[in-house]
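Residues per chain, in single letters:
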Amino acid sequence: MAVTIVHPGNENAPKAAEPPPRLAGVAGKRIGLLDISKPGGSFFLDRLEEILRTKYGAAEVVRARKPTYTKNAPAQIIERLRAVDAVIEGLAD
Amino acid sequence: MQTSPHLYLYKGMQQVEQIPAVPGLLPGKKAVLVFFETDCPTCQLALPYLSALSADSAQVIGLSQDDEASTREFVRQLKIAYPVELDRELKITRAYNPESVPAFYLLDEGGRVQSKLVGFDKEGLNDLAKALGHAPIASSDDGAPPFKPGCSSRHLEPQVQSAGPRDGIHFLRRVAEPASRITLKDDIDPFEYCRSKFGDALPVIPPTVERVEAMVRAVGLAPESVIARVPPVYGEATVEKIAANAVMAGCEPGMMRVLLPLVRAACDERFNIHGVQATTHFAAPLVMINGPVREELGFWSKQNVFSNVARANSSLGRAFQLILLNIGGGRPDGIDMSALGNPGKFSFCIAENEEESPWEPFHVTRGLGREQSALSLFAAEAPHGVSEHTAPHGRTVLETISFALATVWSYRMCLVPEAIVVLGPEHAKTIARDGFSKGQARQFLFENTGVPVRYYSATERAEGTQLAANYKEVTIRGESCYQKFRSPEAISIFVAGGTAGKFSAVIGSWATGPAGSQMVTYPIPDK
């Protein structure tokens, strides 16, 4: 006899957002660096900022830092980063 | 036609643009305009807070970026107490041009924008209330997070031709579609099918329609009622889907009255199950049961309390993990990134041995009545055993435990961790016999748990050293130490286990406090 079961899982799989268009290059662009506030993140991002400015000619590097790595970024930080051309989110440990 | 001063948008003192009138807005009075979308979870969280303001002198007007039907439903479900208008064709939105919603604009008596707030931000909402001469409207301990980013404003969505909710999960609804029925062909083994699709790597009981219906009947709620949305994918945990997972785990129907508050507790923002499920750390949610429900449903609190000893503990803990896995999507081979994991992810549920405890039960310490059944949730590491069979005095037993407590998270890391001390009944009785109340025992553990300052070296940069400037230096047993915990409340005492054997256990935490996971305690309804 056929067995019928009740689906026990999530049936509304979230849709992935379309990625925005890629930048052709970093030169002259405003780049955001989001530090998720894990230990060591600032060392990594300091160096990345330097490379973006000196080697790739970024016009501006906007630094932002989440209050905690355990939760989503607060609204104010997201707002600040809306104004840039691209954001690099920095994980580190 | 009367020209209202609110028909103009100002930047500083300069009128820059004529804007469409906000319906219902009266001149000569301060006002708060709030732009929102009906399907934005942050709007759904934020807008009810303003209902506390609307009875006051300020005018509050909600401006919906969506159609009439979904806006009416939004107002009804969230009991919005102030006027809400439709921003047809987003004309007012375009004039104010918020980047995201919810967006709050505080207007002075002349209609000038005094301040603006975007997203959900408790401090910002309280500042808004203050500017209107009102008491704070957002309490820090109401279960909502201090802040939550909003969604992109409709007028900035390039594909949107007209206002209307997008496709996708509707965060508002209290009732979901019925769960799908899956009919298996005769040549498919239902046990193997369910193990591979929905199991915890072990076989599960197939959640047949009949078994699930029996489980749902024990609740008295519609099967499609949404109990919570389970991170990290925010799947809707309906009564029926919780029941299906309970069947798979081997629960009896009576367990549903524990599972529903358990799922709600796990999805309490303070507990932060999103982070607990996704972290690289060891954390797994530990369920701690108190009160009459222990006897009623057979929760075990004695010997082998952490083991495979009782159906109630094992099946509840397993059902909970299956819910996190199947509905929340926290797959151990996917979003759950724990580097080493935790055996508690099969099942992690203990009950307090209240009968053998010399002190008040844990849920009473947490503020509930003794006769109230309750569950507490803690983002826990695996238990670390402490043996102390020779010390005759309670003080020495506590000191032995303090050495284990000093090692949670990692030895040099202070202030960040919390801990549960599961005291075996023999230890608890020795400690109480020597005159310690539960609070005094906790205070002793707090004062006597530390890490010698000599173990910290700025050049070695070991974990915990980076925070040393924040640590408090105290003298413990004649040695200069950093105090391990930030307060006595960071240590919880829970009495459990068998009456033979002088053992206790120390359980470390994940990141704690508002920046991590906070322990939550929920009542379990009577049968």
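What counts, and at which threshold
Residues numbered from 1 in each chain as written. Chains lettered and ligands numbered in written order. Predicted model: local features only at pLDDT ≥ 70, side-chain atom pairs only at ≥ 80, totals over all residues. Domains from an automatic or database assignment. Contact = placed C-beta atoms within 7 Å. Helix = DSSP H or I, 4+ residues; strand = E, 2+ residues; numbered from the N terminus. Nonpolar A, V, L, I, M, F, W, Y, C, P; charged D, E, K, R; others polar. Pairing = 2+ DSSP bridges. pLDDT = per-residue confidence, 0-100. Axes fitted to C-alpha atoms, helices over the stretch in contact; angles between N-to-C directions.

Concerning the domain arrangement of chain B
All names here are of chain B. When its domains are assigned, chain B resolves into domain 1 (5–156), domain 2 (173–349) and domain 3 (382–508). The distance between the C-alpha centroids of domain 2 and domain 3 comes to 33 Å. The interface is formed by 11 residues belonging to domain 2 together with 7 residues belonging to domain 3.

Details of the interface of chain B and chain A
With 46 residues of chain B at the interface, the matching set in chain A holds 25 residues. Per-element accounting of the side of chain B that touches chain A gives the leading share, 5 residues, to helix α8 (residues 239–249) of chain B. By residue class, the composition of the side of chain B that touches chain A is 22 nonpolar, 15 polar and 9 charged. By the bridge criterion, 4 bridges tie strand β1 (residues 3–6) of chain A to strand β12 (residues 181–184) of chain B in an arrangement that is antiparallel.

Considerations on the confidence of the model for chain B
Residues and elements named next belong to chain B. The share of residues in chain B with pLDDT of 70 or more is 93%, and the mean pLDDT across the chain is 90. Between residues 159–169, whose pLDDT stays under 50, and residues either more than four places distant or in other chains, the model counts 17 contacts. In the model output, the complex is listed with pTM 0.77 alongside ipTM 0.82.

Remarks on the sheet that holds strand β15 (residues 284–290) of chain B
Residues and elements named next belong to chain B. Overall, mixed pairing links the 4 strands, which are arranged β16-β15-β17-β25 in an open sheet. Looking at which strands have only one partner, the edges of the open sheet turn out to be β16 (349–351) and β25 (520–523). The mean inter-strand angle of the sheet, taken between neighbouring strand axes irrespective of direction, is 25 degrees. With 3 bridges connecting them, β15 and β16 associate as parallel partners. Its bridge partner lying in β16, Val-287 is registered against Cys-349. Lying over the sheet, helix α12 (residues 311–326) contacts β15 and β16, oriented at roughly 140 degrees with respect to β16.

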